[in-house]
Structures are given as structure tokens and as C-alpha cells.
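# Results of the structural survey
What follows is the residue order along each chain.
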Amino acid sequence: MIFPHLCCRHPHSVTSSSASLRSKQSLLGASDGACSMMLSSMSTLRRRLGLLSAHLVVAVIALVVIGGATRVMEAGLACPDWPLCFGSLLPGRQMNVQVFLEWFHRLDAFVIGIALVVMAVATTLQRRQLPRWLPWLAVGLMVLVAMQGGLGALTVTRLLPSGVVTAHLALALTLVALLSGLTQRLLHPTAVVAPLWWRIGASLGLMSVFVQCLLGGRMATAWAGQRCLAGGEACQLVLSHRLTAMPVVVVVLGFAGAAVLAGGWARQQWPWLGGAVLLVLIQVALGVFTLRLGLSQPAVTVAHQLVAALLIALLAALLVRSPDRPSPSRSVVLDDTSLEACHG
């Protein structure tokens, strides 16, 4: 005989268990929803910072190009005072092509400085939602642009000394590389590290191009090309810049070739690698044309500096690129600190 009271024993306990289960499920759903909103917010913040960094890359490259045009047009002292120009924010009667180049160069630098201050403040205030390294890097970039402004002031007050002008260029190219790498990390985050050979090859390419740019800047600020062509003076600087160009080409082409031969993820980066190869070849052609034309065409010289800055930016982006996380369910990649609020 079956006793009904044994089969239906404590029905209220079953009901309470079901209610408890539903309560836990609702709590988990609410927690998942809160985490999803948090991840979405962080993704939006990171994307906005990445877009700001991308715009800053363009602005700093423009700063380098305008600085090169200012030197070629002999407009470095077109504004005899600093930070104003002829004692005013916007020169009026004194305005000409040379004054405009120097004035616009300073305006671009000022806008970049303000944008980097905004980035440093924003990343510091939102540091709990961002990788630990980002606020420190933003503050470091702000310090670098302040140093860049100081070097710019010295170029005017010290009447364009070659060493200061070369340091001014070096710091500008450093900003290009750092901002380009930062843009890549913010817009394309990943937790997987690129192969060691990739990082070594990209680093060698970036450093070799950077050193070559400094040699070119030293040659340009000393007016070595003009002096060598006119009277045979300072030809050693010109020769050193030409001799080091070929090893740079070999390093960049070797890196691109190794990536294609390696296959897999590295070969999939062929648009970036092809861009680096194309820029190197264009840079060599522009260098040859610059000397063949006797440095008489400012547009060719400025284009030479533009391609150099673009090559720095591209190689810096390649250096920090890495394979995507293999998990197909990946939606947002964050540092471990950003997931602490979603644990438990």
C-alpha cells in the first residue's frame, strides 16, 4: 500500500526550493546584465580614446610635415618671438607664407597639447575601467609634448641650433610611434602575444627607420646637402645618410618577406606589410630625386619627410599587432583589473 502522505511529503519545501532557484536565476541575470552594461561602457570609452589617439597620430604627422616645410622655406624664425608671433596670437600685417607656416606649426602643436591633456585627465578619472598602463602612458605623452614645446621655444630663442632642431624632430617622431602603437592597442585589443620573431623584426625595422630619420634631420638642419653640392663641405653627413639607407631597406624588406614565408597570422598582415614595403621604396626614390634635383624642389623634400613619418607610424602599429584570441566567443578583451567588478 502506498501512503499518499509519504509521496507528497512537505510540499511547501519543494515550492520554497523552486522559489529560491528562481531568485538565484534572477540575481544571476541581473548580475550578467550589470556586467554586460559595464563591458559595453568600457568598450565605448576605449573606442573613443582610440579614435582620439588616431586623430592625434594624424595631427602629429602633420606637425612633422609642417615643421619640415618651415625648415625648407627658411621660416623657422619667421615669428621672432615665442610663444606669440609678433607679439600677438594672430599676426596681421606681418602675415605671409613663411609667417603662416611657423604660426600654423605652433597652432597645431598647441591643439595636440590640449588633446593630450584631455586624454591624460580622462584616463586618470576613469582608470578603474581601463588598463593600468593607459593613464601612465597618457601622462607620459603629455609630458613629452610639453618637452616638445620647450624644444620648439629653444629653436627660436637660440636661433635654430642644429642639435636642438634634431632633438625636436626626434621627440616628434617618438610621439608618432607611441600614439600609433596606442591607437592599435585601443582599437584592436587582444590578449595573445605576437611571436617573438615578429616583435624583433618590427622593432629592428622601427629603430632603423628612426635612426635614419635622425641622420636625415641632422643633415638637413646643418644644411649639409646644400653645402656639399655648392662647395664640397659637410659631404660626410650626406654620405652617411646615403650609406645607411640600404641597410634600412634590407631590414624592412626582410621583415616583410619573413612574415609572408611564415604563413598563418603573419601572412594575413600583408596589407600592412605591403604598405611598409611601398613606403620604403617611395622613400628611396624621393631621396634619390632630392639629390638629383639639387635640393631645389621643396615639395620633394617635404614629401620625403612625410613618408618617413608615415613609415614610423606604420611600423609602430605593426610592432604592437598580435593574433586574435582563439576563442570564438570573444566579444570584448579586457585586462584582469577590469573584470574584478564582475567576479562572484
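Note: the structure precedes this text.
This section reports on the structure supplied with the text. (Residues numbered from 1 in each chain as written. Predicted model: local features only at pLDDT ≥ 70, side-chain atom pairs only at ≥ 80, totals over all residues. Heavy atoms only, no water.)

Let us now look at the packing of helix H7 (residues 224-231) against helix H8 (residues 235-243). Look at H7 against H8: their axes get within 8 Å of each other, and the N-to-C directions meet at 115°. The element H7 and its partner H8 pack so that their crossing is left-handed. Contact residues: H7 offers Ala-224, Gly-225 and Cys-228, while H8 offers Cys-235, Leu-237 and Val-238. Of the residues assigned to the contact of H7 with H8, the class counts are 5 nonpolar, 1 polar and no charged. (Axes fitted to C-alpha atoms, helices over the stretch in contact; angles between N-to-C directions. Helix = DSSP H or I, 4+ residues; strand = E, 2+ residues; numbered from the N terminus. Left-handed = near helix turned anticlockwise from the far one by under 90°. Contact = heavy atoms within 4.5 Å. Nonpolar A, V, L, I, M, F, W, Y, C, P; charged D, E, K, R; others polar.)

Here we take up the packing of aromatic side chains. Following the criterion strictly, the structure yields 5 aromatic pairs and no others. For the pair Phe-100 and Trp-103, a centre-to-centre distance of 6.0 Å together with 40° between the ring planes defines the contact as tilted. One end of the pair is Phe-100 and the other is Trp-103, both in helix H3 (residues 97-125) and 3 residues apart, which spans about a single turn. Measuring from centroid to centroid gives 5.9 Å for Trp-197 and Trp-198, while their planes differ by 75°, and the two rings are edge-to-face. Take Trp-198: its relative accessible area is 0%, and that puts it in the buried class. Positioned over the ring face of Trp-223 is Arg-71, at 5.6 Å from the centre of the ring. (Phe/Tyr/Trp six-rings, centres within 6.5 Å; stacked < 30°, edge-to-face > 60°. Buried < 20%, exposed > 50% of the residue type's maximum accessible area, 1.4 Å probe, protein only. Lys NZ or Arg CZ within 6 Å of the ring centre and 35° of its normal.)

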